[in-house]
Every structure is written in structure tokens, then in C-alpha cells.
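Spelled out, the chains give:
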Number of protein chains: 2
Amino acid sequence: MPAPSAASEARQNLTANAWADAALEAIATGGLDAVAVEPLARKLGVTKGSFYWHFNSRGELIRAALDLWEKSETVDILARIEPTSDPYERIVNVFKQANASYRAGRLYLAIAAGEDHPVVNEYVRRVSEARMNYLRDCYRDLGFSESQARHWARFAYATFMGNLQIRRDTPDAMPQGAEFNEYLRLMITTLIPREVAADGAPEHPHVVPMRRAGTP
Amino acid sequence: MPAPSAASEARQNLTANAWADAALEAIATGGLDAVAVEPLARKLGVTKGSFYWHFNSRGELIRAALDLWEKSETVDILARIEPTSDPYERIVNVFKQANASYRAGRLYLAIAAGEDHPVVNEYVRRVSEARMNYLRDCYRDLGFSESQARHWARFAYATFMGNLQIRRDTPDAMPQGAEFNEYLRLMITTLIPREVAADGAPEHPHVVPMRRAGTP
DNA sequence: CTCTAACAATACGCACACGTATGGTTCAAG
DNA sequence: CTTGAACCATACGTGTGCGTATTGTTAGAG
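In what follows, the accompanying structure is described.

### Things to note about the pattern of salt bridges
Residue and element names in this part refer to chain A.
Step number 1: Inspection of the entire model under this criterion finds 30 salt bridges over all chains.
Step number 2: Notably, a salt bridge pairs R140 with E146, separated by 2.5 Å at the nearest N-O pair.
Step number 3: Here the salt bridges share partners, and the residues they tie into one network are R136, D137, R140, E146 and R150.

### Quick word on the nonpolar core
Step number 1: By size, the foremost hydrophobic cluster in this structure holds 132 residues, and its most contacted members are A:W69, A:I111, A:Y139, B:W69, B:I111 and B:Y139.
Step number 2: The residues contacting B:W69, other than those within four sequence positions of it, are B:L24, B:L107, B:Y108, B:I111, B:Y123, B:V124 and B:V127.

### Concerning the side chain of B:N163
Step number 1: With respect to the helices and strands, B:N163 occurs in helix α8 (residues 146-169).
Step number 2: Residue classification places B:N163 among the buried positions, given a relative accessible area of 2%.
Step number 3: Aside from chain neighbours lying at most four places away, what touches B:N163 is A:A158, B:N99, B:M174, B:Y183 and B:M187.

### What about helix α5 (residues 87-98) of chain A?
Residue and element names in this part refer to chain A.
Step number 1: Taking 1.5 Å per residue as the helical rise, α5 with its 12 residues ought to reach 16 Å, and the 16 Å between its terminal C-alpha atoms agrees with that figure.
Step number 2: When we look at burial in α5, the residues that qualify are P87, Y88, R90, I91, V92, V94, F95 and A98.
Step number 3: On the buried face of α5, the contacting elements are α4 (58-81), α7 (118-141), α8 (146-169) and α9 (178-191).
Step number 4: N-cap assignment for α5: the residue whose side-chain oxygen lies 3.0 Å from the backbone N of Y88 is D86.

### Remarks on the interface of chain A and chain B
Step number 1: Contact with chain A, which involves 60 residues of that partner, is made by 59 residues of chain B.
Step number 2: Where chain A abuts chain B, roughly 5400 Å² becomes buried across the two surfaces, and 57% of that area is made up of carbon and sulfur atoms.
Step number 3: For the pair chain A and chain B, the interface holds four salt bridges.
Step number 4: Residue A:D172 is joined to B:R125 by a salt bridge in which the shortest nitrogen-to-oxygen separation is 3.3 Å.
Step number 5: Where chain A touches chain B, the interface holds nine residue pairs in polar contact (both at pLDDT 80 or more).
Step number 6: When residues of the side of chain A that touches chain B are traced back to their parent elements, those giving at least two are α6 (102-112), α7, α8 and α9 of chain A.
Step number 7: With 16 residues, the top contributor of residues to the side of chain A that touches chain B is α8(A).
Step number 8: Residues of the side of chain A that touches chain B, tallied by class, amount to 28 nonpolar, 14 polar and 18 charged.

Each value, and the rule that gives it
Residues numbered from 1 in each chain as written. Chains lettered and ligands numbered in written order. Predicted model: local features only at pLDDT ≥ 70, side-chain atom pairs only at ≥ 80, totals over all residues. Heavy atoms only, no water. Salt bridge = Lys/Arg side-chain N within 4 Å of Asp/Glu carboxyl O. Core = buried A, V, L, I, M, F, W, Y, C linked by side-chain atoms within 4.5 Å. Buried < 20%, exposed > 50% of the residue type's maximum accessible area, 1.4 Å probe, protein only. Contact = heavy atoms within 4.5 Å. Helix = DSSP H or I, 4+ residues; strand = E, 2+ residues; numbered from the N terminus. Expected span 1.5 Å × (residues − 1). Polar contact = N/O pair within 3.5 Å; in protein donor to acceptor, adjacent residues only side chain to side chain. Buried area = accessible area lost by both parts, 1.4 Å probe. Nonpolar A, V, L, I, M, F, W, Y, C, P; charged D, E, K, R; others polar.

This is the structure we're talking about:
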């Protein structure tokens with residue numbers, strides 16, 4: 001374990017961050033197992049000897065990378081959409097932000113895939129819960145009861161996560177351009193009911209047993 | 001490569017399937033990388049020598065496991081819900097089936113996580129597309145236009161996939177018992193509009209700009 | 001100029017998994 | 001009883017990644 005002096009802390013932190021960044025990049029493309037010291041060192045143009053000065057173990061690097069990730073996925077994201085106080089707009093922004101960065105989506109899925117690892121699970125849970133709680137608060141501000149708000153937040157979050165997966169696994173099934181915007185509008189208008197009755201349920205007849213079309 | 005005689009084919013196929021089953025189980029719990037010959041052999045009470053008689057390589061085992069998986073996830077599943085000719089009920093059944101087996105969900109996510117592997121990607125694409133196409137047909141039978149049916153199928157499939165992920169990553173966020181049924185009903189009633197207008201869009205005012213409650 | 005902290009290269013031991021080679025066991029056919 | 005196929009064990013070589021130890025190299029403080 002190095003004992004960094006105050007003078008050199010800036011440079012040391014910078015290179016440690018470089019390692020963590022490279023680790024995140026490796027996760028995004030090759031999954032958690034791609035965080036291997038020797039390949040990363042090769043990619044960074046150094047050898048293991050450098051790595052084990054900055055970190056004590058591979059696990060420490062993973063923690064550092066996950067710290068970086070958690071920060072970028074909660075603090076940074078939410079800070080960017082917080083200014084809007086309108087809950088409707090906030091939810092819409094979450095959706096648009098979510099579908100904006102392809103890399104962030106891949107990263108999320110790759111990290112979540114390592115949920116058997118207890119440390120990773122810890123981070124994934126925190127990030128997921130933060131996002132779902134954020135959505136729940138939006139729905140509550142929209143006038144939903146606590147219970148309904150949780151349901152809708154879970155629903156919306158699931159849809160969001162599933163879209164990430166579809167885009168990764170079957171990109172051809174995800175439209176682009178105008179058709180994608182149409183798809184996005186459909187999801188937004190469906191997932192954000194705009195009138196709420198006194199009992200905390202949406203107003204338009206979602207649960208009315210009004211049989212489908214086609215078989216009158 | 002062995003040249004099995006007709007007499008012993010039954011036993012040989014049986015043990016080859018045992019290997020493939022064990023491989024699937026390994027994927028479900030430890031991901032694709034857990035499909036390692038030597039650990040699997042230990043778990044099956046044999047050694048590598050046995051494995052390399054049945055298969056030529058680790059990749060061949062993965063293919064066999066994925067064959068098994070593809071069959072269980074498309075043919076078997078769809079056969080079980082096909083009897084119902086009512087498209088509404090078919091979609092509902094897809095949702096209920098999807099949320100029924102925890103193991104199948106984990107398996108799906110674990111396999112999908114290895115989409116960088118070209119062979120795996122091939123299987124994942126086929127299974128995903130088969131399911132989405134099935135849903136699309138249901139929506140079309142419900143009276144939707146081709147374009148709208150695709151949108152709704154993608155939407156429903158994304159929600160379904162996301163719920164798998166939520167249940168895996170943050171099980172506490174997924175309710176159980178009566179509350180889960182409530183959640184399920186919410187998703188079903190939201191994702192299956194029951195009246196379709198002539199232009200192929202749902203009838204109730206999804207896209208009417210009828211501002212939300214709370215800020216009159 | 002010297003010394004020391006920060007940083008990096010090299011070399012080593014270890015563990016584990018892939019794949020191969022080869023020998024051992026069982027069983028049924030001839 | 002012999003033979004050969006089916007099936008499995010053992011042993012080996014190779015690659016690769018982790019972690020450690022040891023030895024440079026560089027730059028700034030004194």
C-alpha cells in the first residue's frame with residue numbers, strides 16, 4: 001500500500017482513475033471478467049508492476065471502477081434532470097436520458113450481469129433503488145398513492161431496462177429516427193397517466209373490463 | 001469424434017444431454033464462464049476424459065446447451081400457450097408464464113449477458129425475435145396495424161425483460177402475493193389496450209395532451 | 001549532488017482451465 | 001475366450017491470470 005504525499009496526490013489519483021476508467025471500459029465491452037490486470041496493463045502500455053503500486057488487488061480496482069460508475073449513474077444523471085420541478089417532465093427526461101447513451105446502457109447490463117459477486121450486487125442494488133425511488137417520487141408528485149407510485153415506478157423502470165436489453169441483443173428490432181420517436185412517445189404516454197382519481201388510481205379506464213376489439 | 005453405433009446411441013445421447021443440462025445449470029448460476037469442463041466433470045462425478053469422448057471442445061458443449069435452451073424457451077413455451085386462440089389471453093399467458101419460472105429468467109439473463117460471443121448472440125437473437133414476433137402477431141390479431149403491433153410488442157417484451165432483471169438484481173423491490181398480482185394486473189391492463197380505432201391506434205386517449213393532475 | 005519517494009519493468013511461484021495422449025475397464029458380439 | 005467399441009481415468013504440456021519480490025528509473029527536496 002503506497003503512502004502518497006500531499007504533493008503527488010494529484011498525479012497519483014489521476015493515474016488511479018485512469019486504471020478505473022480502463023476497467024469500466026473493459027466491463028462495457030467484455031463483462032466483469034474482462035477486468036484482468038495484465039490485459040489492462042497491456043492496453044495502457046505498462047505492466048503489472050505499475051498496477052500493484054496503485055492498487056492492492058484486482059478487487060480494489062473493481063471497487064474503484066464501481067465507485068466511478070455509481071457516481072456517474074446516480075449523482076451526475078439526476079443532477080442533470082433535477083432542475084425541472086415538473087414531475088411529468090422529470091419522468092420524460094429519465095426516459096430520454098436512458099435511451100441516449102448506448103455505452104451507459106451496455107455498461108449497466110454488463111455490471112448487472114455480475115450480480116453473483118457480492119460487491120457488485122451491492123452497487124447494482126444501490127443504483128437501481130436510487131433510480132426507482134426517484135421515479136416513485138415523481139409518480140407520487142403526480143398525485144399517485146404510495147402503493148400505486150411504487151407500481152408505476154417499477155413498471156417504468158422495467159420497461160427502461162428491457163429496452164436497453166433489446167437494443168443490445170436485437171438491435172434490428174429497435175427502430176431509429178422518426179419511428180423511434182413514435183415508439184418513445186407511445187411508451188411515455190402509456191407510462192405516465194395524466195389524470196389521477198381520488199383513490200390514487202389513474203382516471204382513464206385501465207382496469208375496466210371492457211373486452212378487447214375484434215371479438216364483439 | 002466418436003462414431004456411435006446404433007445400439008449405444010440411446011445411452012450416449014443421454015449422457016451428452018446430461019452434460020448439456022449441467023452446462024445450462026452452470027450458466028444459470030455462474031454465467032457463461034462457469035461452463036468449464038473440469039468443474040462440470042467434478043460436479044458430475046467424472047473427469048475430463050469422459051467429456052472429451054462426448055464432445056470435441058468446450059464450444060461444442062455450449063452449442064449443445066444453447067440448443068437445449070432454445071428449444072425449451074420457444075417451442076415448449078409457445079406450445080403450452082398456443083391452444084388459446086384469443087389474442088388477449090395469449091398475451092396475458094405470455095406475461096404469466098414469463099413471471100412464473102425464476103430459474104428460466106435467470107438463465108435468460110445469464111445467456112444474454114454473453115452476447116459478445118457470436119454463437120451465443122445467434123441464439124439470443126433467435127429466441128428474442130421469436131418471442132417478439134409472437135407478441136406482434138397477438139397485437140395484430142387484436143386489431144393493431146403492423147407498425148403499432150410492432151411497437152406494442154417491443155414495449156411489452158421490454159417490460160417483461162426488465163421485470164426479470166429487477167427480480168434478479170433488487171428482489172426486495174418486487175412485491176409478492178396479492179400485491180404482485182395487483183402489479184401484474186396493472187401491467188396487463190396497461191399493455192393490452194382493448195379498443196382499437198380504425199387507424200390502428202388504441203382508442204382511449206393515450207396521446208391526447210390532457211395535462212397531468214396536480215398543476216392545474 | 002545526493003537521497004528518497006513515486007512509479008515502472010522483470011522475473012518468479014502458483015492456481016486453474018483447455019486440450020491431447022494414452023492406458024484402463026466393461027460388455028456384448030463373434 | 002478374444003476382440004473391439006464405448007466409456008472413463010490419469011498424466012502431460014500449454015496458456016493465462018493473480019499476486020509478490022526485486023530491481024531499475026525519474027524527479028524533486030535538501
